[in-house]
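# Residue-level structural notes
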Amino acid sequence: MEGGRSKGYAWAIAAGLNAAFAAVSAKLLLSPLVRYGLVVIFNVVMWGCYVNSLKALSSLQATVTNFATNFLTSGLAGFFLFEELLSSKWFAGALSIVIGVLILSKSSVERKENMD
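Everything quoted here is computed from the prediction, not taken from an experiment.

Attention shifts here to the packing of helix α2 (residues 32–56) against helix α3 (residues 59–82). Packing of α2 against α3 brings their axes to within 9 Å, and their N-to-C directions diverge by 145 degrees. Crossing of α2 over α3 shows right-handed handedness. Between α2, through M46, Y50, S53 and L54, and α3, the contact on the second element is made entirely by S59, A62, T63 and N66. Classifying every residue of the contact of α2 with α3 gives four nonpolar, four polar and no charged.

This is the structure we're talking about:
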């Protein structure tokens, strides 16, 4: 089952990355039709990845992992690609999100092991 859980997290991370790519593609200096097309494509792929993550993880684990990946990737893409400023509060929030994801994933595994 551990391999399935790992695949579930990989799918959830892929979903978050595609969501971030959709946000980044909306800001690119391309024609509106190309931007719209990229946003739609990335969102369709994101939903496919998210649905696959739900097959291996609880909805809480899949959603939180997807959100955390999207948040971190979007923020870092904004910083590196668009020279947006990231304050120390952003980094504190990002660290809190990562810690929360780790706690949720660990507690869900321990709870499941105790039920077996």
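What follows continues from the structure just given.
With that out of the way, let us pick up a nonpolar patch on the surface. A contiguous nonpolar surface patch, about 530 Å² in accessible area, is contributed by L76, F79, F80, L81 and F91. With four residues, α3 is the largest single contributor of residues to the nonpolar patch. Here L81 lies in helix α3.

This part is about the side chain of N18. By the secondary structure assignment, N18 is in helix α1 (residues 2–27). At 2.9 Å, the side chain of N18 forms a polar contact with the backbone oxygen of A14. With residues near it in sequence (within four places) discarded, N18 still touches F42, V45, M46 and C49.

Peptide bonds are mostly trans, and most non-glycine residues show a negative phi. For E83, which is not glycine, the phi torsion reads 55 degrees and is therefore positive. One can find E83 in the loop between α3 and α4 (88–115). Accessibility expressed as a relative area gives 69% for E83, which makes it exposed.

Right, let's get into the packing of aromatic side chains. As enumerated under the stated definition, the model contains six aromatic pairs in all. Both rings, one in F71 and one in W90, keep their centres 5.4 Å apart while their planes meet at 20 degrees; by these two values the pair is stacked. Of the two residues, F71 is situated in helix α3 and W90 in helix α4; the sequence distance between them amounts to 19 residues. Overall, F71 belongs to the partly exposed group, its relative accessible area being 26%. The interplanar angle of 80 degrees and the centroid separation of 5.0 Å between the aromatic rings of F79 and F80 together place this pair among those described as edge-to-face.

Rules and cut-offs
- Residue indices follow the written sequence of each chain, beginning from 1 at its first position.
- Owing to the predicted nature of the model, reporting of local features is limited to residues with pLDDT of at least 70; listing and counting of side-chain atom pairs is limited to 80 or more, with chain, interface and lining totals taken over all residues.
- Computation of side-chain values covers all heavy atoms of the structure but excludes hydrogens and water.
- A fitted line through C-alpha atoms represents every axis, and for helices the fit uses only the stretch in contact; the resulting angles, taken between N-to-C directions, go from 0 to 180 degrees.
- Secondary structure elements are defined from DSSP: runs of H or I of at least 4 residues count as helices, runs of E of at least 2 residues count as strands, and each element is numbered from the N terminus.
- Handedness of each helix crossing follows the sense of rotation of the near helix against the far helix: counterclockwise by less than a right angle gives left-handed, clockwise gives right-handed.
- The contact rule is simple, with two residues in contact once any of their heavy atoms fall within 4.5 Å.
- Ten residue types, Ala, Val, Leu, Ile, Met, Phe, Trp, Tyr, Cys and Pro, are classed as nonpolar, four, Asp, Glu, Lys and Arg, as charged, and the remainder, Gly among them, as polar.
- Patch construction takes residues with relative accessible area above 30% that form no salt bridge. Like charges are linked within 9 Å, and nonpolar side chains (Val, Leu, Ile, Met, Phe, Trp, Tyr) are linked within 5 Å.
- Residue exposure ignores everything except the shown protein chains as possible cover, and the areas themselves are Shrake-Rupley values with a 1.4 Å probe.
- Any Lys or Arg side-chain nitrogen located within 4 Å of an Asp or Glu carboxyl oxygen qualifies as a salt bridge.
- Polar contacts, as counted here, are pairs of nitrogen or oxygen atoms within 3.5 Å of one another; within protein the pair requires one atom able to donate a hydrogen and one able to accept it, and residues that are adjacent in sequence qualify only if both atoms are side-chain atoms.
- Think of it in three bands: with a 1.4 Å probe and only protein chains considered, a residue is buried below 20% of the maximum accessible area for its type, exposed above 50%, and partly exposed in between.
- To pair, rings of Phe, Tyr and Trp, with the six-membered ring standing in for Trp, must have centres within 6.5 Å; the planes then decide the type, stacked if under 30 degrees apart, edge-to-face if over 60, and tilted in the middle.

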